[in-house]
Every structure is written in C-alpha cells, then in structure tokens.
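This is what each chain is made of:
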Amino acid sequence: ATYTFKNRYTVNGTLRYDASNQFGPSPYIRWMPTWNTGVSWNVTQEHFFQYLKPISHLSFNASFGVTAVAPSVSNSLSQIYTNDPWRNSSQRELGLSISNTANHDLTYEKKQELNLGMQMGLFKNHINLALDWYTRNNYDLIGRVPSQGLNGTVIRSGNVAAMRSSGVDLSLQTKNLTVGDFSWVTTFVYARNDNKITKLYVDATIEDMVKGTGFSKEGYPVGSIFSIPFRGLNSDGLPTFADANGNTTIDGLRLDQRDNLEFLKYSGTIRPTDVGSLGNLFKYKGISLNVLLTYSFGNVLRLPASFKHKYINDSPTSPSDMVAMPKEFKNRWMQPGDENRTNIPAIASAYQLYATPTLEYAYTAYNYSDVRIAKGDFIRLKEISLSYDFNKA
C-alpha cells in the first residue's frame, strides 16, 4: 500500500507471508511473515524550494523492515535414510540410519534493516548525488556448532549465529562538459560495509583460523584471518614464534591444536570494506569511449605457502625439487647475521629435518604466520571500450 499527499509526502508499507517446504512436513515452522515500511519527502515540490538554488532537486527517504530467508538445512524433523548393512551372508536386508537428528527450533534466517537516504541534484542536474546509510541486524543465522553428542550427533546445524553490519552507498554523477556534439560524463560509486559477528560458538583448530579462506569468530568480521605471531629468525636461520603462553618457540605449532588459541593475531578480513568504481564516458556524434576503473580496499590475503616439503614414508625431507622456488628465496637466510636483515628462513637441510622432527611444524607455522599476510587493496583498469552507432537511415 502506498499513499502520497500533495505530491510531497509518501508513506508505503509491504506485508508478505511466505511459506517454505524446506522444513519438510514439520508442524513447528513453515510460515514466516515479513514486512517493510517507509516514508519519503520530495522537497522539490515545496514552496520554499525556489530559495534553495543552485539545488535543482532534493528528496529524502527512510525505511525499516524485516526480511527472512529459508535456511540452508532441513532438519526440523529427523532425517532418516535407508542403508545396506553388511551381513556375513548372501541375504540382504535394508536398514535405517539417522542422518540428522530433529531440531524443532529450526526457523528462518532473519534480518532487520534501517535505511536512510538522500537524492540531490545541483546546477540543473549537472551534478547528481545519491547517498544511503543502513544498519542491519542479522539473527537466527544458520551455522554448524559442536554439541555434547548425547543424541548421536556431534556437529549440529541450526540457528546459532547473529551479526550486525552497517554501511554507506554513494553515487555521484557529473556532466562535466557539453559542447555541440561532444559530451563528457563522470560517474563515481563508493560503498563501505562494516560487520561484526555478535553471536557464534565454534570448536576451532589453529588451521581453521589461519587458512586463507577466512574464519568466523564472535567479536570479529565475517571471513577473518588469524595468524601465528612470528618472532624472527634465530642464529641458524630457523623461524621462531610466540606460543600460547607468550614464550618464543622454535618447535612450531601443531595446526590441530584446539586449546588456548587467544594468542593468534587478528590479521584482517578477506572481504573488502570499501569498494567502488570511477567511470568516464566521452561521446562525439556516434562515437562513444568508455573508461572504467574499479577499486577495492580493506581486505587481506594469505600469501601462498613458500616452504613446501615432500614426504617419504610420512617423514618430511628437504624441499621438493618438483616445486618451483619462489622469488623471495633470493633474500632468505644463508649465513649467520642474516637474521638481522631478513625474515625469510633458511632452507632446512635433510639433516636438520631428520634431527628435529618437529621442524616441519615450524616451517608450516611460518607459512601461516603474520609475515605471510598481504593487503588486498587494488585499483584496476577494468574496461576500455570504443563503440560507434551508425545513423538509423
């Protein structure tokens, strides 16, 4: 429903009632009402607008609502499947197994969003600006969490997470020049988003938190990367690290460690916080030249592993000759004193690896340390296109 008064003030509202069979025949949840309401003010139609020159048009809008998405799992009721149990006989009999135990609390993933916006034109719309600010509260998000396993399932899926986010969207278009058949228009787009997980419990290992695909942890953004704190090289060129007790160790850390992980260093998120583009369109009669730049800032990347070892009977040996050595090995530790000029470890000899079996973990820890993090910021020339429109005749 929408109502407009004097072509200036508009109120609108939407009510939806969705249903999904994602929950199967569950009587506990199937229907989900969602709604949205908004207001807008067209200042251009006000009597006093003529005194706001050089503004050529101006409007404001605000909205608030709740939306929902059917979950990616469907274990509102127990999921039971057939199997073919082994029997020491030629006779076969089908059996039943529980794939997922019932979760009667399973429901939709929900999002509350407040949006405030403004649209403005200047100098007879030669400059057009659109600005939106929003804040979102996501809750009942689906996740996988460990349980006590009393019902036969150790890792359970359900509505276990919540997240808050906010951001701004900006669009600016300027008509820079119009002379005869020639015109030049610039469009600038900017978007920023900040988010933080406010509720989530996971049973993680070091490997889960340091890998480059990102990790979700309460109090941090989605897709966070954590790193093992690097403490420099020792006099033999071997890497050292901070352990869970704050001590410096050379033995490295096992990636399957689950306890006392607070010593890991937050390196950033894999998701950019600031993205946008800058485009310029030049036209002359039927000729059009479009130049588009895109940019992205605020994310980090886990650099590829620099030290890779081959294995013989599950024991590490010297780095494999089948793996190309990265360029950075030029600056590796090669003699005593190099630890003062570089943080790239020496290539451990087969003797060192044999004499110190845990040295393998040290080099693995180096690959996942904070010195193997790089910024993902970029400005990219995305497109240059030249086109010509023929006369219709």
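Residues numbered from 1 in each chain as written. Predicted model: local features only at pLDDT ≥ 70, side-chain atom pairs only at ≥ 80, totals over all residues. Heavy atoms only, no water.

A. Layout of the pattern of salt bridges. Applying the stated criterion across every chain yields a total of 14 salt bridges. Among the ionic pairs, Glu262 bridges to Lys217, the shortest N-O distance being 3.5 Å. Placement of the pair is Glu262 in the loop between strand 14 (248-249) and strand 15 (265-269) and Lys217 in the loop between helix 1 (206-210) and strand 11 (224-227), with a sequence separation of 45 residues. Overall, the relative accessible area of 17% leaves Lys217 in the buried class. Here Arg372 and Glu328 are joined by a salt bridge, their closest N and O atoms 2.5 Å apart. Of this pair, Arg372 sits in the loop between helix 3 (359-367) and strand 21 (373-375) while Glu328 is found in the loop between strand 20 (315-319) and helix 2 (350-355), placing the two residues 44 residues apart along the sequence. If you follow the salt bridges from partner to partner, you end up with Lys111, Glu113 and Arg136 in one network. (Salt bridge = Lys/Arg side-chain N within 4 Å of Asp/Glu carboxyl O. Helix = DSSP H or I, 4+ residues; strand = E, 2+ residues; numbered from the N terminus. Buried < 20%, exposed > 50% of the residue type's maximum accessible area, 1.4 Å probe, protein only.)

B. Up close: the sheet that holds strand 9 (residues 155-179). Judged by pairing direction, the sheet is antiparallel, and its eleven strands sit side by side in the order 1-2-3-4-7-8-9-10-16-17-22 without closing on themselves. Each of the sheet's edge strands pairs with one partner strand only, and the pair in question is strand 1 (2-5) and strand 22 (378-388). Between one strand and the next, the sheet's axes are offset by a mean angle of 10°, whatever the strand orientation. Across 13 bridges, the pairing between strand 7 (residues 109-122) and strand 8 (residues 127-146) is antiparallel. The partner of Gly117 across the bridge, within strand 8, is Asp132. (Pairing = 2+ DSSP bridges. Axes fitted to C-alpha atoms, helices over the stretch in contact; angles between N-to-C directions.)

C. Region of the structure containing helix 3. The buried count for helix 3 comes to seven of nine residues, which makes it a mostly enclosed element. If you check which residues of helix 3 are buried, you get Leu359, Glu360, Ala362, Tyr363, Ala365, Tyr366 and Asn367.

D. Structural view of the packing of aromatic side chains. Taken as a whole and assessed by the stated rule, the structure comprises 13 aromatic pairs. For the ring pair Phe5 and Tyr9, a centre distance of 6.4 Å and an interplane angle of 20° mean the geometry is stacked. Taking relative accessible area as the criterion, Phe5 reaches 39% and is therefore assigned partly exposed. Assessed through its relative accessible area of 35%, Tyr9 is described here as partly exposed. Aromatic rings pair up to connect Phe188, Tyr295 and Phe297 into one cluster. Taking the ring centre of Phe378 as reference, the NZ or CZ of Arg380 above it sits at 4.1 Å. (Phe/Tyr/Trp six-rings, centres within 6.5 Å; stacked < 30°, edge-to-face > 60°. Lys NZ or Arg CZ within 6 Å of the ring centre and 35° of its normal.)

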